[in-house]
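What follows is the residue order along each chain.
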Amino acid sequence: MARALQLAARGEYTAHPNPMVGCVLAQDGEVVGEGWHQRAGEAHAEVNALQSAGDAARGAVAYVTLEPCAHHGKTPPCADALIEAGIARAVVAMQDPFGEVAGRGIAILEAAGIPVAVGLMQAEAQALNRGFIARVTRQRPFVQLKIAASMDGAIAMQSGESQWITGPAARADVQHLRARAGAVMTGIGTALADDPALNVRAAEIDTGDRQPLRVVLDSDLRMPATARMLTLPGHTLICCTGRHATAALEATGAEVRAYASADGLVDVNEVLADLAAREINDVLVEAGPRIAGHLLENELVDELVIYQAPHIMGSQTIGMFETPGWTRLVDRRKLDITDVRRIGDDTRIVARIEARTGN
């Protein structure tokens, strides 16, 4: 199963919006076939493993990181393929939460007389597909908030100067975060100040022809039609409120959509629900302190990734978050730090935000 999880992770840049899945077929403790889901619309992990094994699949044990599918989508059901191949037993890391599967794949195998064990390395399998799970169970993507800051918590000088706080290694690492995401979200303040590309441009990262959807929260529709991101491959969604003239932006190929307003901003809950409906599993947020703070205050951040540079920027600076609703010490949010490592000269801190437990 550990090997199956390694194989599944190979689809981290290309399987979207499908979950990452790996499959290993074994006979008497020896691997006879293996495969993973490489791209959406192409063969699933089980089919690739069966093709790898050939006749050796008959009587084998199938180790699969996610319950075999039981429905006809772009490909036939994998549960049927495993039965036809004559496997003897299946070991499944986790049940698929997707409504059209949700135990049916396991039931089909068992009805065919194939014993199924569920739960081996389940936590690891769930972590691998946390975005897919969030989308199908919470109807919103997994939200990862990225921050680049100094040791004293500054993200820019008061003048707005911010390039570059972190070093080239940290900026290269962010390319991997973008490549894993279905969408990269920012605010109009950042779009106007930095004119960011928000694309994946590292040559060593193979995403096929897929770029994450660029999402700009722009309540009053101030986005200029000359913005750099609008000239790049991929798609841009500009989220506003109310009625505005949209022809100039739409002429660039951008999609402009109006959402409800909340606290003077585009209702991010509504935007996230829309992204889930578009089959976006993971959203990477690269935004200024207002949007970052708004997301934190509304408990919409699942994970923080902070790149901390080894310097002090002083008092005439802008901090990471604007959280006007947090006025007491009890309002603070506790973090569960899951990873700390050096990235070049900088330190990358990954933390999950713990659920509130009361005052």
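Residues numbered from 1 in each chain as written. Predicted model: local features only at pLDDT ≥ 70, side-chain atom pairs only at ≥ 80, totals over all residues. Heavy atoms only, no water.

### Details of unusual backbone geometry
Stated formally: Going along the chain from the N terminus, every DSSP run of H or I of four or more residues is numbered as a helix, and every run of E of two or more is numbered as a strand.
With an omega dihedral of 5°, the bond running from His16 to Pro17 counts as a cis peptide bond. One can find Pro17 in the loop between α1 (2–8) and β1 (22–27). Of note, Asp28 is a non-glycine position whose phi angle comes to about 55°, a positive value.

### Regarding the pattern of salt bridges
Formally: Think of a salt bridge as a Lys or Arg side-chain nitrogen and an Asp or Glu carboxyl oxygen that are within 4 Å of each other. Using a 1.4 Å probe on the protein chains alone, a residue whose accessible area is under 20% of its type maximum counts as buried, one over 50% counts as exposed, and one in between counts as partly exposed.
The final tally for this structure, using the stated rule, is 16 salt bridges. Ionic pairing is found between Asp274 and Arg257, a salt bridge with its closest N-O pair at 3.1 Å. Pair noted here: Asp274 is in helix α10 (residues 268–277) and Arg257 is in strand β11 (residues 255–258), with a separation of 17 residues, a long-range link. Assessed through its relative accessible area of 10%, Asp274 is described here as buried. Here Arg257 falls in the partly exposed class, since its relative accessible area comes to 37%.

### Considerations on the sheet that holds β11
The following threshold applies: Note: two strands are recorded as paired if DSSP finds a minimum of 2 bridges between them. Geometry is summarised by axes, namely lines fitted to C-alpha atoms with helices restricted to the contacting stretch, and by angles between N-to-C directions that run from 0 to 180 degrees. Contact between two residues is taken to exist if any of their heavy atoms lie within 4.5 Å; hydrogens are not considered.
The nine strands are arranged β11-β10-β9-β8-β14-β6-β15-β18-β17 in an open sheet whose pairing can be described as mixed. What marks the edges here is a single partner per strand, and that holds for β11 and β17 (335–343). Neighbour-to-neighbour, the strand axes of this sheet turn through a mean angle of 20°, independent of strand direction. Both β17 and strand β18 (residues 346–353) contribute to a ladder of eight bridges, which runs antiparallel. The residue of β18 that forms the bridge with Arg341 is Arg348. Contacting β6 (142–149), β14 (282–285) and β15 (303–308), helix α6 (residues 130–138) crosses the sheet at an angle of about 130° to β6. Contacts between helix α7 (residues 168–180) and the sheet are confined to β6, β8 (183–187), β14, β15, β17 and β18, with β15 contributing the most and set at about 160° to the helix.

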